[in-house]
Amino acid sequence: MSLSETSPGVLYLIPVALGSEDAAALIPPATVDAARSLRTFIVENAKSARRFLKAIGHPVPLQELQFHTLDEHTRDVAPVLAPLLAGEDCGLMSESGCPSVADPGSTLVRRAHEAGVRVVPLAGPSSILLALMASGMNGQRFAFHGYLPVERAERARKLKELEARAGDETQIFIETPYRNEQLLSALLQQCRGDTMLCIAADLTLPGGFVAARTVAEWNEKPPKLDRRLAVFLLSRAPT
């Protein structure tokens, strides 16, 4: 059979643990079984991917598995799509949580659909949904914005925009852990005192927390978020 006649493989979207917690205990058994059955993985970082696969007891020696890198610097996804087109089942893994959500994997998933590759999402932890669940904010209407602008004036403008929209829908965003303190400072300076701000940090990890308070209340005792994985949510009472 020629390559053109080969049926494509299946692309499994494999959620991984959000940190250093017991991955095998927190990832659903069906997801663990699927990951254990695969030999080829498309990952943001091979080192952390190997650590996760070791934690869930992958039956094949890690040095015998195939890892293809897909990260924010990848410009051409054709090389990582090639094994799927050749008939190989592959697992797409993010650095943490769910692949393709705030993650460069979405480019590959789109190309997979275009190429007729079957895409199978598997269940697992999402810090974004866990934070929304625990926030007490509007879960019927919400918007996720990923990372906000780094430049101070642009970030301030964006925060004002999100605050204005927060009366109709919950506004959710994240930041790189080492810039959390700058984002929190901007939130407390730019937003109204009666705006509700939920901060969810280190979810599923020891010492993790979720708390929803007004900006004024946070200003009285801001949390220490430096280098912690955090999700931020804004809400205002509808006008």
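Residues numbered from 1 in each chain as written. Predicted model: local features only at pLDDT ≥ 70, side-chain atom pairs only at ≥ 80, totals over all residues. Heavy atoms only, no water.

## Some thoughts on helix α6 (residues 127-135)
Because the α-helix completes a turn every 3.6 residues, residues three or four places apart line up on one side.
Consideration 1: Of all the positions in α6, only Ile 128, Ala 131, Leu 132 and Ser 135 are classed as buried. Looking straight down α6, one finds its buried side chains confined to an arc of 100°; they lie on one side.
Consideration 2: Next to the buried residues of α6 lie β6 (142-147), β7 (170-174), β8 (196-201), β9 (209-214) and β10 (230-235).
Consideration 3: Remark: Gly 136 follows α6 within two positions and exhibits a positive phi of approximately 75°. (Buried < 20%, exposed > 50% of the residue type's maximum accessible area, 1.4 Å probe, protein only. Helix = DSSP H or I, 4+ residues; strand = E, 2+ residues; numbered from the N terminus. Arc of directions from axis to C-beta. Contact = heavy atoms within 4.5 Å.)

## Brief notes about the pattern of salt bridges
Consideration 1: Counting across every chain of the model gives 11 salt bridges.
Consideration 2: A salt bridge links Glu 114 to Arg 111, with the nearest nitrogen and oxygen atoms 3.9 Å apart. Here Glu 114 pairs with Arg 111, and both are found in helix α5 (residues 105-114), just 3 residues apart, close to one helical turn.
Consideration 3: Residue classification places Glu 114 among the exposed residues on the basis of a relative accessible area of 58%.
Consideration 4: The class for Arg 111 is partly exposed, based on a relative accessible area of 31%.
Consideration 5: One salt bridge in this structure joins Arg 157 and Glu 154, with 2.8 Å as the shortest N-O distance. Taken together, the residues span about one helical turn, with Arg 157 and Glu 154 both in helix α7 (residues 152-165) at a distance of 3 residues. (Salt bridge = Lys/Arg side-chain N within 4 Å of Asp/Glu carboxyl O.)

## What about the sheet that holds strand β3 (residues 66-69)?
Consideration 1: Read from one edge of the open sheet, 5 strands run β3-β2-β4-β1-β5, paired in parallel fashion. Each edge of the open sheet is held by one strand with a lone partner, namely β3 and β5 (118-121). Sheet twist, expressed as the average angle between the axes of neighbouring strands with direction ignored, equals 25°.
Consideration 2: Pairing analysis gives 3 bridges linking strand β2 (residues 40-43) to strand β4 (residues 90-93), with the strands arranged parallel. Across the sheet, the residue bridging to Phe 41 is Gly 91, located in β4.
Consideration 3: Most of the contacts of helix α3 (residues 46-55) go to β3, to which it runs at about 140°, and overall it touches β1 (10-14), β2, β3 and β4.
Consideration 4: Relative to the sheet, α5 contacts β1, β2, β4 and β5, its axis offset from that of β1 by approximately 155°. (Pairing = 2+ DSSP bridges. Axes fitted to C-alpha atoms, helices over the stretch in contact; angles between N-to-C directions.)

## What to know about the pairing of β2
Consideration 1: On β2, burial covers both faces: Thr 40 and Ile 42 on one face and Phe 41 and Val 43 on the other are all buried.
Consideration 2: As defined by bridge partners, β2 adjoins β3 across 4 bridges and the pair is classed as parallel. The residue bridging Phe 41 from the neighbouring strand is Phe 67, located in β3.
Consideration 3: Handedness of the crossover joining β2 and β3 through α3: right-handed. (Right-handed = clockwise from strand over helix to strand, strands pointing away.)

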